[in-house]
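For reference, the chains in residue letters:
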Amino acid sequence: MNFKGSIRSKLPTVGTTIFTVMSAYAREHDAINLSQGFPDFQPHPLLVSEVEQAMKSGFNQYAPMAGLITLREGIAAKVQSLYKADVDPNAEITITAGGTQALFTAIAAMISENDEVILFSPAYDSYAPAVELAGGKTIHYNMEAPDFSINWKQVQKLITQRTRMIVINTPHNPTATTLSEKDMKELIKLTKDSDIIILSDEVYEHIVFDGAEHQSVLRYPALAERSMVVGSFGKTYHATGWKVGYCIAPRELTTEFRKVHQFNVFSVSTPMQHAYAEILKHPELYLDLGTFYQQKRDFFRNAIKGSKFELLDTKGSYFQLVSYKNISEEKDTDFVMWLTREWKVAAIPVSVFYHRHLDQKVIRFCFAKENETLEKAAERLCKIK
Ligand SMILES: Cc1ncc(COP(=O)(O)O)c(C=O)c1O
């Protein structure tokens, strides 16, 4: 069929994501894949057996549009105990097909033609295309290596009459930084007396290190009342392929969110929801996640300490950024290809997370891997001169 140019791409600048490209390149070169952000270990056996149990018990048809009420109640109880947040499971929580769908639906529901959305770059790659598809305009604040901190006075300058939304992400992918209590107070000041919505991507909420507390917007009533919080069970329970997440938002925002959700996904896998409702009754599984990943972080950092890579701080998430400026002057997009081809370790170049591809000679490794995998990768990285 020849469409004779009649197809006008809605996302003309978007190609295949770097994650797909790097994973394919890693396979092609038989490299250890520390590029894409997923664990190479299995979910807790209890979670798997709960799914099987749910299927055998006949929970195989459509779940309610907003999600199983038992699961929503479990989430409400969790955020009450962790963040002292009062969330109504009936009117303020919706179960989604992963965090990405929750982000997309929140943006589709809230952003109209010419609305401005402030993004902090480097940023998870789904935010900007979702804004563009909704007809909105992305406004970028650049956070820069090595600490990627935010100067809130500069952010203030980006706010206009058209600012509809600010997207935050803590712990942060790809920088592994976290927002502090001070940042959250600045955000309160910034949005006070406005009707700006905050889209808060908290999919790594349980992966916070060195005794720090996760700064959920739900801890702050002045933020919670204007926020849509996105969570992902895939990140918390080592089951990224199951694609179950949720959105917590005040009633008025949830009503609009569900209008879009019901015609996009309608409802999410029933047996998985049953299993997650059961596993939430074991808080130790998510409460221990920070310690579990902190050990992996320390193991990996220690293993590459003797290499020529410079380690940046890792405060949360399961990513480790390194600078390779002592090894090469190459662009980060070329460097990761070379690293994969010649040293058989795949990583993600951080420039791709920037609107204007800012190259700071920094790449991202994912350490959600078995120690054996990390050790093997580290051995190779340490040999690079
Ligand atoms: C910052 C961030 N938000 C959202 C997601 C998506 O989560 P899910 O796999 O549940 O769609 C990811 C996954 O990598 C992520 O890193």
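Higher on the page you've got the structure.
Values in this document were obtained by computation on a predicted structure and should not be read as measured data.

Definitions and cut-offs
Residues numbered from 1 in each chain as written. Predicted model: local features only at pLDDT ≥ 70, side-chain atom pairs only at ≥ 80, totals over all residues. Heavy atoms only, no water. Helix = DSSP H or I, 4+ residues; strand = E, 2+ residues; numbered from the N terminus. Near = heavy atom within 4 Å. Polar contact = N/O pair within 3.5 Å; in protein donor to acceptor, adjacent residues only side chain to side chain. Areas by Shrake-Rupley, 256 points an atom, 1.4 Å probe, with all protein chains shown as cover. 1 Å grid on protein atoms, 1.4 Å probe; cavity = no way out; pocket = protein on both sides within 12 Å on 5 of 7 lines; lining within 4 Å. Sits in = over half its atoms within 2 Å of the grid points. Nonpolar A, V, L, I, M, F, W, Y, C, P; charged D, E, K, R; others polar. Phe/Tyr/Trp six-rings, centres within 6.5 Å; stacked < 30°, edge-to-face > 60°. Buried < 20%, exposed > 50% of the residue type's maximum accessible area, 1.4 Å probe, protein only. Lys NZ or Arg CZ within 6 Å of the ring centre and 35° of its normal.

Undergrad: Tell me about unusual backbone geometry, residues and numbers included.
TA: Only a minority of non-glycine residues have a phi that is not negative, and only a minority of peptide bonds are not trans. At the junction of Ser 121 and Pro 122, the peptide bond is cis and its omega measures out at 0° in the coordinates. Summarising the element assignment, Pro 122 is placed in the loop between β3 (116-121) and α5 (127-133). The phi dihedral of Lys 344 falls on the positive side, at around 60°, and the residue is not glycine.

Undergrad: Lay out the site of the ligand with the relevant residues and their values.
TA: Looking at the ligand, there are 13 residues lining it, with Gly 99, Asp 201, Tyr 204, Ser 232 and Lys 243 nearest. Here Gly 99 contributes a backbone N or O atom positioned 2.7 Å from an oxygen atom of the ligand. At a separation of 2.7 Å, an oxygen atom of the ligand approaches a polar side-chain atom of Tyr 204. A total of 400 Å² of accessible area belongs to the ligand in isolation, and the protein chains cover 92% of it. Here the ligand occupies the largest pocket. It is helix α4 (residues 98-110) that provides the largest number of residues to the shell around the ligand, a total of 4 residues. Looking at the shell around the ligand, its residues break down into 4 nonpolar, 6 polar and 3 charged.

Undergrad: Go over the packing of aromatic side chains, please, and point to the residues and values.
TA: Scanning the entire structure with this criterion turns up 23 aromatic pairs. The interplanar angle of 90° and the centroid separation of 5.7 Å between the aromatic rings of Tyr 62 and Phe 266 together place this pair among those described as edge-to-face. Of this pair, Tyr 62 sits in the loop between α2 (45-56) and α3 (69-83) while Phe 266 sits in the loop between α10 (251-264) and α11 (270-279), and the two are 204 residues apart along the sequence. When the ring of Trp 242 is compared with that of Tyr 276, the centres are 5.9 Å apart and the planes differ by 55°; the resulting orientation is tilted. Residue Trp 242 is found in the loop between α9 (233-236) and β8 (245-248), and its partner Tyr 276 is found in helix α11; the two are separated by 34 residues along the sequence. With relative accessibility at 0%, the residue Tyr 276 sits in the buried group. An aromatic cluster is defined as three or more aromatic residues linked by ring pairs; in this entry it consists of Phe 41, Tyr 204, Phe 292, Tyr 293, Tyr 318 and Phe 319. Here Lys 78 stacks its cationic end above the ring of Tyr 286, 4.7 Å away from the centre of that ring.

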